[in-house]
Amino acid sequence: MRRFGRITALALGAALILIMAGGGLLPPLTPASAAASTSVSLTVPDRVLPGSNFTATVNITGVVNLDAATYDISVDPLVLKLNEVTAGSISGKVVGVDIWRERQDSPGTYAIVQNLPGLTGVSGTGSLAVLKFQVIGSLSTSTSINLSNNVLSGTLAEIPATWSGALIQAIPPATTVP
């Protein structure tokens, strides 16, 4: 009987482990983030005029169960000024902007915090936010908009992602011929 009891206990233990792993009680061996690659990038106009306003979109692709995002937008404060940050949309769900402000310790760097309401998260492709800029200085040939301190949070864990900024090209103002 002792031998039968040990074999039964081992078999039941192995079966319980298989049931827990197959039923989702244990984490999968391959993380969900490996199945889909998430990327965040900026869409900006090809060229802008000194003194003009323009919008840039913070795009996101392939995200799974996004719940929150925090990141910094950095620009040359003598050339560009961020005037407004508005909500984005992923798969028809609004991605609100909770906080955006210029960092006091780093002029031209704006901290952005976003959170989706509830606990379900959102998956798909779309935009995190729309950035409204003003060109306040003269552009020599180009200036960059950088993304840093980037964190995407899912409903269960951080979401790894590739982040890339953008380069703005200048169009010199038109000269008038007398």
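## Notes on the nonpolar core
Alright, step 1. Counting 36 residues, the largest nonpolar core has L66, Y71, L128, L131, F133 and I145 as its most contacted members.
Alright, step 2. When residues of this core are traced back to their parent elements, those giving at least two are β1 (38-43), β3 (53-74), β4 (80-90), β7 (109-115), β8 (122-135), β9 (142-154) and β12 (166-170).
Alright, step 3. For this core, the leading source of residues is β3, giving nine residues.

## Some remarks on the pattern of salt bridges
Alright, step 1. One pass over the full model with this rule turns up two salt bridges.
Alright, step 2. The residue R103 makes a salt bridge to D72 at a minimum N-O spacing of 3.0 Å. You can see R103 sitting in the loop between β6 (97-102) and β7 and its partner D72 sitting in strand β3, a full 31 residues away along the chain.
Alright, step 3. For R103, a relative accessible area of 27% translates into the label partly exposed.
Alright, step 4. Owing to a relative accessible area of 3%, D72 belongs among the buried residues under this scheme.

## Observations concerning the packing of aromatic side chains
Alright, step 1. Scanning the model with the defined rule gives three aromatic pairs in all.
Alright, step 2. Between Y71 and W163 the ring centres are 5.5 Å apart and the planes differ by 45 degrees, which places this aromatic pair in the tilted class. Pair noted here: Y71 is in strand β3 and W163 is in strand β11 (residues 161-164), with a separation of 92 residues, a long-range link. Both residues of the pair, Y71 and W163, belong to the buried class.
Alright, step 3. On the numbers, 6.3 Å between centres and 45 degrees between planes, the contact of W100 with Y110 is tilted. In this pair, W100 sits in strand β6 while Y110 sits in strand β7, placing the two residues ten residues apart along the sequence.
Alright, step 4. By relative accessible area, W100 is classed as partly exposed at 30%.
Alright, step 5. Overall, Y110 belongs to the buried group, its relative accessible area being 5%.

## A short note on the environment of A166
Alright, step 1. For A166, the location among the structural elements is in strand β12.
Alright, step 2. Relative accessible area serves as the criterion here: at 14%, A166 is assigned to the buried category.
Alright, step 3. Taking the C-alpha atoms as reference points, A166 and L42, 124 residues apart in sequence, are found 5.9 Å from one another.
Alright, step 4. With near-sequence residues (within four places) excluded, A166 lies in contact with L42, V44, T143, S144 and I145.

Scoring rules and cut-offs
Residues numbered from 1 in each chain as written. Predicted model: local features only at pLDDT ≥ 70, side-chain atom pairs only at ≥ 80, totals over all residues. Heavy atoms only, no water. Core = buried A, V, L, I, M, F, W, Y, C linked by side-chain atoms within 4.5 Å. Buried < 20%, exposed > 50% of the residue type's maximum accessible area, 1.4 Å probe, protein only. Helix = DSSP H or I, 4+ residues; strand = E, 2+ residues; numbered from the N terminus. Salt bridge = Lys/Arg side-chain N within 4 Å of Asp/Glu carboxyl O. Phe/Tyr/Trp six-rings, centres within 6.5 Å; stacked < 30°, edge-to-face > 60°. Contact = heavy atoms within 4.5 Å.

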